[in-house]
Every structure is written in structure tokens, then in C-alpha cells.
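If you want the building blocks of each chain, they are given just below.
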Amino acid sequence: MCPVAKGADHGPAPIPEEGKWVRAKEIGDISGLTHGIGWCAPQQGACKLTLNVKDGIIEEALVETLGCSGMTHSAAMASEILPGKTILEALNTDLVCDAINVAMRELFLQIAYGRTQTAFSEDGLPVGASLEDLGKGLRSQVGTMFGTKAKGARYLELTEGYVSRIALDENNEIIGYEFISLGKMMDAVKKGEDAGAALEKAKGSYGRFAEAAKYIDPRKE
């Protein structure tokens, strides 16, 4: 063999991290906040995972799951496992639920390639910011709808909260809905407010709710 000398060494391409361009060579070079989705092998459940990474270390993790009942317990364990680990450790740690493991894999790719939510935000987001995804009521934003050919659509839960009534026009078409912000309601109850009064204060409506020809309870009709 005739060895050929290596010439220029350009190193890794710079990636955007928290308002800086970084040539990442070590795990400690990686920072950023991002979120993404994972799913289990039989595709019967999903996880939305939010990570805030500073200098390669997961400082905070928000774990939201939807699917089988066991996933909620797995999320509880993952919330203890993830903080304090490097993103490489977390990638190679059993996070109990397949969907959470897949979410970690997908987030690792985003973070390692500089595709985070804070790629161009100076200093990123401070620790504690991840929880703001849930809003003031600290509840996951879940959309749950049910529809049948025989009886049409039923709104059960949206971002605003638990749907208590659906508003219909003269043609029985949906024109709005009434919702209850359960986070706000429970905050009021914890402060000692009467549950009935707290329920009324936590109600809101969307669309042309006040103009409805009739209202239906989506869970009874």
C-alpha cells in the first residue's frame, strides 16, 4: 500500500444552538429545547416528549402520553429517569414505554442536528419554560372527538377543556360548544371555593354558541 496523507480537516459543520453556531464534537456541546412525538410498536399509543437540554444534560422533561393505561405509569417513571442524564445516556436508557423510547430517539435527532425550537433563540429557554406548553391550567392539550354515521359528531374534549354542551343550528349542524377548563376549576376548588361556583366560573364557549337552536350533551345523546 502507498499511504496518502490526509489534507484539510474541516471538522463538523456548525449547527444553530440557542442563538449561536456551534461545531459540536462532544455531548456537552449540545443545547436546545424541543419537543416531538413517539409511538409504540403496535401503534396503540403515543408520547409527546419535551426536553430542555443545557450543555448536553437534560435539565427538564415534560412527558405526555395517550393510549394504554400503562403508559401513564411509564411516563411517571420517565419523568424521574430523564432529568440529569446526558442525551446519549437517555437515548440508551430503557424509558419503560416503547412510545417514550421512540420519542427520545426522535428528539435526539432533532437536538443533535440543531433542529430545536430554540436554535435561533439567544440562550434558549430557561429551566421551567417547558411546563408553559400546558398553559396556566397545567393540563395536556388533548383533542377527543367521536363520530358515527348514525348520529354524527360528538366533541368530547378540546384545547379549551372538557366539552359540556354542543350547540346546533336549525339544521342540527354544530355551530359552537361550551367547555369547562378543568385546570382552572380545580385551582378554585383547592382555594376553598364551592365546587358549583368554581364550575360555573370555569365555563366558556366557542363559536356561535349563544345563537343555537338547541344544545346537546355529547355524552348522553
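The model shown is predicted, which means the values in this text are computed figures rather than measured ones.

Reading the values: the criteria
- Residues numbered from 1 in each chain as written.
- Predicted model: local features only at pLDDT ≥ 70, side-chain atom pairs only at ≥ 80, totals over all residues.
- Heavy atoms only, no water.
- Phe/Tyr/Trp six-rings, centres within 6.5 Å; stacked < 30°, edge-to-face > 60°.
- Lys NZ or Arg CZ within 6 Å of the ring centre and 35° of its normal.
- Helix = DSSP H or I, 4+ residues; strand = E, 2+ residues; numbered from the N terminus.
- Buried < 20%, exposed > 50% of the residue type's maximum accessible area, 1.4 Å probe, protein only.
- Contact = heavy atoms within 4.5 Å.
- Expected span 1.5 Å × (residues − 1).
- Pairing = 2+ DSSP bridges.

### Looking at the packing of aromatic side chains
Enumeration over the complete set of coordinates arrives at 5 aromatic pairs. Of the aromatic side chains, those joined through ring pairs into one cluster are Y155, Y177, F179 and Y206. Of note, R165 hangs over the ring of Y215, and the distance from its end group to the ring centre comes to 4.7 Å. In this structure, R219 is placed above the aromatic ring of Y162, and the distance from its NZ or CZ to the ring centre is 3.8 Å.

### Here's the deal with unusual backbone geometry
Its identity as a non-glycine residue notwithstanding, E18 has a phi of 50°, on the positive side. Structurally, E18 is set in the loop between β1 (15-17) and β2 (20-22).

### Describing helix α4 (residues 182-190)
Of all the positions in α4, only G183, M185 and A188 are classed as buried. Contacts made by the buried residues of α4 are with β9 (174-180) and α5 (195-201). Just downstream of α4 lies G192, where phi reads positive at about 100°.

### Topic: helix α3 (residues 98-112)
Working note: α-helix, 3.6 residues per turn, so residues spaced by three or four point in the same direction. Given a rise of 1.5 Å per residue, 15 residues ought to cover 21 Å, and the 21 Å separating the end C-alpha atoms of α3 matches this to within 8%. Of all the residues in α3, the buried ones are A99, I100, V102, A103, M104, L107, F108 and I111. Buried-residue contacts for α3 involve β1, β3 (32-39), β4 (46-54), β5 (57-66), α1 (70-81) and α2 (87-91). Phi turns positive one or two residues past the end of α3, at G114, with a value near 75°.

### Overview of the environment of N92
Mapping N92 onto the fold places it in the loop between α2 and α3. Residues N92 and R105 lie 13 residues apart in sequence; the distance between their C-alpha atoms is 9.2 Å.

### Observations concerning the pairing of β4
With 7 of its 9 residues buried, β4 lies for the most part within the structure. In this antiparallel pair of consecutive strands, β3 and β4, the connection spans 6 residues, and Q43 shows a positive phi of 55°. Strand direction decides the pairing type here: β4 and β5, joined by 9 bridges, are antiparallel. Across the sheet, the residue bridging to K54 is I57, located in β5. Connecting β4 to the next strand, β5, in antiparallel fashion are 2 residues, including D55 with a positive phi near 50°.

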